[in-house]
Amino acid sequence: MSAIIQLDHLCKDYEVHQKEPGLMGSLRSFVRRKYQLVPAVKDVSFEIEQGEIVGFLGPNGAGKTTTLKVLSGLLYPTSGHARVLGFTPHERKADFLKSITMVMGQKQQLAWDMTPSDSFLVNQAIYDVSDADFRRRLGELTEMLELQPVLNKPVRKLSLGERMKCELAGALLHGPKILFLDEPTIGLDVNMQQAVRRFVADYNVRTGAAVMLTSHYMADVEALAERVLVIDGGQLVFDGNLSALVAERAPNKVLKLQLAHPVSPERLSVFAPVRMMEGLTAELLAPRGKVAEIASRILNDVPVADIAIEDMPIEEVVGRLFQRKPPIEAVREAAK
Amino acid sequence: MPSLKALRAMLALHYGISLQYRAQSVLWMINGTVPLIMMLIWLQLAEDGPIGGYDATTFAQYFLFMFLARQSTPTWVIYLMDRGVKNGELSPHLLRPMHPMWHYASEHWGELMARLPIILPMVAIGIAIADAWSWSLLAHLPAFVLGLMMAWLINFAMHVTVGLIAFWSDNALGYDTVIYQLYIMLGGVVVPVELFPQTVQSILAWTPFPYVLDFPVRVMIGRIEGIDVLAGFGIQLFWIVALGAFFTWGWRKSLKRYAAAGA
Amino acid sequence: MKYFKLIALFIRATVQVQLEYRSGTFGRAFANVLSSATTLLLLWAMFQQVSSIGGWSFDQVLVLIGIVTTIDYVVEIWLYPSLSKITTYVQRGEFDVLLVKPVPSQFLVTFRYLQVLDVLGLLVGLGIIGTGMYRTGSLEFINFALLAVFLVAGLVIIYSLYLALSTLAFWFTRIEEVASMIWLHSTAGSFPVAAYPPWARLLFTFVLPVAFVTNVPAEAATGRLSWEWGLGGLAFATLALCGATWLWSLAIRNYSSASS
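Along each chain, numbering runs from 1 in the same order as the chain's sequence is written. As a convention, the first chain written is A and the first ligand written is 1, with the rest following in written order. For this predicted model, a pLDDT threshold of at least 70 governs which residues receive local features, and a threshold of 80 or more governs which side-chain atom pairs are given and counted, while totals over whole chains, interfaces and linings are taken from all residues. Think of the side-chain values as coming from all heavy atoms in the structure, minus any hydrogens and water.

### Regarding the overall build of chain B
Condition: Put simply, DSSP H or I for four residues or longer makes a helix, DSSP E for two residues or longer makes a strand, and each gets a number counted from the N terminus. Accessibility here uses a 1.4 Å probe with only protein chains present; expressed as a share of the type maximum, an area under 20% marks a residue as buried, one over 50% as exposed, and anything in between as partly exposed. Where accessible areas are quoted, they stem from the Shrake-Rupley method and a 1.4 Å probe; at the residue level, only the protein chains shown are allowed to cover. All tallies of charge rest on Lys and Arg as positive and Asp and Glu as negative; His and the ends of each chain are not included. Here the site of a charge means NZ on Lys, CZ on Arg, CG on Asp, or CD on Glu.
In terms of helices and strands, chain B carries 13 helices and 0 strands. Overall, the C-alpha framework of chain B stretches about 65 × 40 × 30 Å when taken along its three principal axes. Scored against the burial criterion, the 263 residues of chain B give a buried share of 60%. As displayed, chain B offers around 10,500 Å² of accessible surface, 69% of which is attributable to carbon and sulfur atoms. Here chain B contributes 14 positive and 14 negative side-chain charges, whose respective centroids are spaced 18 Å apart.

Listed below in structure tokens is the structure:
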């Protein structure tokens, strides 16, 4: 099977104008404006095959979104080549655009003052979707995303989550073969996040579409992607299996404690290494396999008001990849 | 190019949006009343006899149909392009298998459909009050409508071409004012182009401006007839093709600079 | 003193933003000069056909155009940027931020955005007035003094009208469009009120009072102002300012008691 997305030594620079602070600074930059080329993506190559779900991770400004925008044809590469389904994306051929979709946060493709149904009908016509296909897909999407109650309300009256679900439905009505999802769950509550995840996974299974998604939430990536690409500072620093990445780089979960009474860090470090301690809040690092056990021991021993188990923030996982000093070591050093 | 079905769907959508802002577009129209104000002035001036071949009836007809032409051709596409480039609102349109201009154009057409039912009665009432009706107007109507449609295209092409500045500079809106001024002032909204001094008229003839408003209006009131009407259509067509080609070339160049700001 | 300091600070902040968008600044200046040039061209074209408009000569109308241009630019660089924000504040519910400041809210909304960088247009307007006055032979101190007084009065009327219309935003949310009717003054005011049919003269004197905003200052500049119109202009300006301020305070009281 051959790759449907090929990215070959992609580089993308942005032109940014330098602004100095203050009125005089504004005046100087008005007279002679300094521009700086900021590389957003530096020499990134990868291939993605049909049916794959690939998680695209990296801190803010790492170049994730830029890469997705190049692959979807919104941006011209500064150098390097992209091939998607045999097309050069930035030529934006109609047949190419009909085979992909891109969901970007709350970017509006829904008309604000009209109902989602109105916008969907327009999409149907623009993408030449036959009535039969349209009805079938809309039916499926409505059921899976539970859209029935919102389909005929003006978009401006919908909640953030409802709008996101409608954006997603609108982006999939033409049955794209490739989905570029940029932060598809941002701003959604946990239930909604799960619904979107289930939906994407199911769409992938049913249609064999390839999915590339970026997310701030580790859980999104864990639930969906077997393969992850990690990008940092514009460079690809990891391409491989997610479980390998997690086992290697984020073996711990974060136990967040809200204490009822002050407790010394020493008393907590008996259970697991203390990552952070501030007043009545503490964060401990517990190995994945032992989280539940450690948590129950803590609950028995320590006056805890509240407890939460969370993933390591992606920034930290990625930070480790890049051999930055992970916070835990910094804490240990400070403790010495 | 989108299918007819797609065009119809987009028109329906934008028509629906415009209807919700009906009250707003009524007020917006008040701001397009310059031709009516000028009509009052010229009618008063013409009380002492015709001016440059225009008598009171001609002035009334000229400015009432000028009002109609002005209300049929306005465009805010530079504003849309500026916002699209700055906030990245262009991105969703670029992802569609259709030139984004179709979306912008249908927004204008949908709004026009909501506005015309208010404008047309206003023109009719104006003609009745000014006692400016003549049956010959009816005969000129088809040519007027065709001329207006071409005029719309010229004006839109002019504006989207200027709108490309949005890709290259921080603020294209300043240039929106420039092109708007030329469209209004040189189009005949204040002074009928025929009443301009001869030298000015002959310079203007080399620009698209008289073909946006003045030409269709003069066809309607019968001040351009016969072969000259055809020649005028030919020149209109020339401007549509020339501006369209220039825009297409510029669009391709400009898109390379699109930075898809925002998300 | 504090208020002058505040105005200086507001100007500084606005200028900084303007400098960010430099081609916009150039574009606006270019547009302003171009628009004056085309207006003069049209005026000249009109006077190729007629010898006077509403009894005013070319040079007298020239002064009128200069005044309209000047007032237009003041609206553009000051009143519009500042007052048009009122509707935005109200719609977004940001108004409370203004109300808790220890400075009268009317002062804040009036002076917040003063785009002094765009003074070029103002110079063009004053230049046209000067040219017209020179050509009518009315370059005398008394005319300048009266011009200054009635130009300010005209601005006060425009300001009051605009403020009053924008204040309606507290009761009707979609008011922007109504407020933008204010721009009509620049078309309607470019001609002597006497050039309109009688019913329109009433409209342009009492409803959209371009008679006081543009005609009276132009008459003052060319030494033709009658004392009745002069007094009328001052009275109208005073009434308009009081009315608008009263409406504003009413709106603020309403707003504070309505929002908990």
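Still to come is the rest of the account.
### Looking at the interface of chain A and chain B
In plain terms, the rule: Every residue pair with non-hydrogen atoms within 4.5 Å of one another is taken to be in contact. What counts as buried area is the accessible surface, traced by a 1.4 Å probe, that two parts surrender upon association, with contributions from both included. A side-chain nitrogen of Lys or Arg and a carboxyl oxygen of Asp or Glu constitute a salt bridge if their distance falls within 4 Å. In protein, a polar contact means a hydrogen-donor-capable atom and an acceptor-capable atom, both N or O and within 3.5 Å, with residues adjacent in sequence counting only if both atoms are side-chain atoms; elsewhere, any N or O pair within 3.5 Å suffices.
Counting from both sides, the interface comprises 35 residues of chain A and, opposite them, 31 residues of chain B. Contact between chain A and chain B buries roughly 2,700 Å² in total, counting both sides, with carbon and sulfur atoms accounting for 61%. At the junction of chain A and chain B, the tally comes to 1 salt bridge. With a shortest N-O distance of 3.6 Å, B:K5 and A:D131 are connected by a salt bridge. The tally of links between chain A and chain B comes to 2 residue pairs in polar contact (both at pLDDT 80 or more).

### Side note on the environment of B:A60
Residues and elements named next belong to chain B. Take A60: it is sitting in helix α4 (residues 56-72). Under the relative-accessibility criterion, A60 is labelled buried at 1%. As a C-alpha pair, A60 and M39 span 21 residues in sequence and 6.2 Å in three-dimensional space. When near neighbours in sequence (up to four residues on either side) are disregarded, A60 contacts M39, L43, A130 and A132.

### Quick word on the packing of aromatic side chains
All names here are of chain B. In plain terms, the rule: Any Phe, Tyr or Trp ring, taking Trp's six-membered ring, that has another such ring centre within 6.5 Å forms a pair; planes under 30 degrees apart are called stacked, those over 60 apart edge-to-face, and the others tilted.
In this structure the tally under the stated criterion is 26 aromatic pairs over all chains. Here the aromatic rings of W42 and F59 are separated by 5.0 Å at their centres, their planes lie at 20°, and the arrangement is stacked. A residue pair is termed long-range when its members are at least 10 positions apart, and W42 in helix α3 (residues 34-45) and F59 in helix α4 qualify at 17 residues. Taken individually, W42 and F59 each receive the classification buried, so the pair is uniform in this respect. Considering the side-chain rings of F246 and W249, the 5.7 Å spacing of their centres and the 35° angle between planes classify their relative orientation as tilted. Of this pair, F246 and W249 both sit in helix α13 (residues 227-255), 3 residues apart, which is roughly one turn of the helix. Exposure remark for F246: the relative accessible area of 46% places this residue in the partly exposed category. We classify W249 as exposed; its relative accessible area is 52%.

### Some points on the environment of B:V241
Here B:V241 lies in helix α13. On a C-alpha basis, the gap between B:V241 and B:M38 in space is 32 Å, while along the polypeptide they are 203 residues apart.

### Concerning the nonpolar core
Definition in use: Only buried residues count toward a nonpolar core, which is a set of Ala, Val, Leu, Ile, Met, Phe, Trp, Tyr and Cys residues joined through side-chain atoms within 4.5 Å.
The biggest cluster of nonpolar side chains holds 189 residues, and the ones touching the most others in it are A:M212, B:W42, B:F65 and B:W251. Per-element accounting of this core gives the leading share, 12 residues, to helix α8 (residues 136-163) of chain B. Discounting chain neighbours no more than four positions away, the residues touching B:W251 are B:M81, B:L90, B:L94, B:H99, B:P100, B:M101, B:L164 and B:F167. A:L57, A:L151, A:L213 and B:L7 belong to the second-largest nonpolar core, a separate cluster that totals 56 residues.

### Digging into the side chain of B:Q61
Here B:Q61 is to be found in helix α4. You can call B:Q61 buried: its relative accessible area is 8%.

### A short note on the sheet that holds strand β6 (residues 178-182) of chain A
All names here are of chain A. What counts is decided by this rule: Two strands form a pair only when DSSP identifies at least two bridges running between them. Orientation is described by axes fitted as lines to C-alpha atoms, over the contacting stretch for helices, and by angles from 0 to 180 degrees between their N-to-C directions.
Across the sheet, which stays open at both edges, the 6 strands sit in the order β5-β6-β7-β3-β8-β9 with mixed pairing between neighbours. Whereas interior strands pair on both sides, the edge strands pair on one side only; in this sheet they are β5 (100-104) and β9 (235-241). Pairs of neighbouring strands in the sheet enclose a mean axial angle of 15°, with direction left out of account. Pairing of strand β3 (residues 53-57) with strand β8 (residues 227-232), which is carried by 4 bridges, proceeds in the parallel orientation. What sits directly across from V54, in β8, is R227. Here helix α2 (residues 64-71) sits on the sheet in contact with β3, β5, β6, β7 (210-214) and β8, set at roughly 150° to β6. In the packing of helix α9 (residues 242-249) onto the sheet, contacts are made with β3, β8 and β9, and the angle to β9 comes to roughly 110°.

### Overview of the environment of A:F46
Residue and element names in this part refer to chain A. Along the chain, the position of F46 falls in strand β2 (residues 34-49). Once the C-alpha coordinates of F46 and P176 are considered, the two residues, 130 residues apart in sequence, prove to be 21 Å apart. In contact with F46, not counting residues within four places along its chain, are I5, Q6, L7, T67, L71, M212, R227, L229, L236 and D239.

### Examining the packing of α4(B) against helix α7 (residues 100-130) of chain B
All names here are of chain B. The test is simple: Small angles under 35 degrees read as roughly parallel and large ones over 145 as roughly antiparallel, with 65 to 115 read as roughly perpendicular and the rest as oblique. Residues are sorted three ways: Asp, Glu, Lys and Arg are charged, Ala, Val, Leu, Ile, Met, Phe, Trp, Tyr, Cys and Pro are nonpolar, and all the rest, Gly among them, are polar.
Closest axis-to-axis distance for the α4/α7 pair is 10 Å, and the angle between their directions is 175°. Looking at the two axes, α4 sits roughly antiparallel to α7. In this structure, α4 contributes A60, L64, F65, F67, L68, Q71 and S72 to the contact, and α7 contributes L112, R115, L116, I119, L120, M122, V123, G126, I127 and A130. Its residues assigned to classes, the contact of α4 with α7 shows 13 nonpolar, 3 polar and 1 charged.

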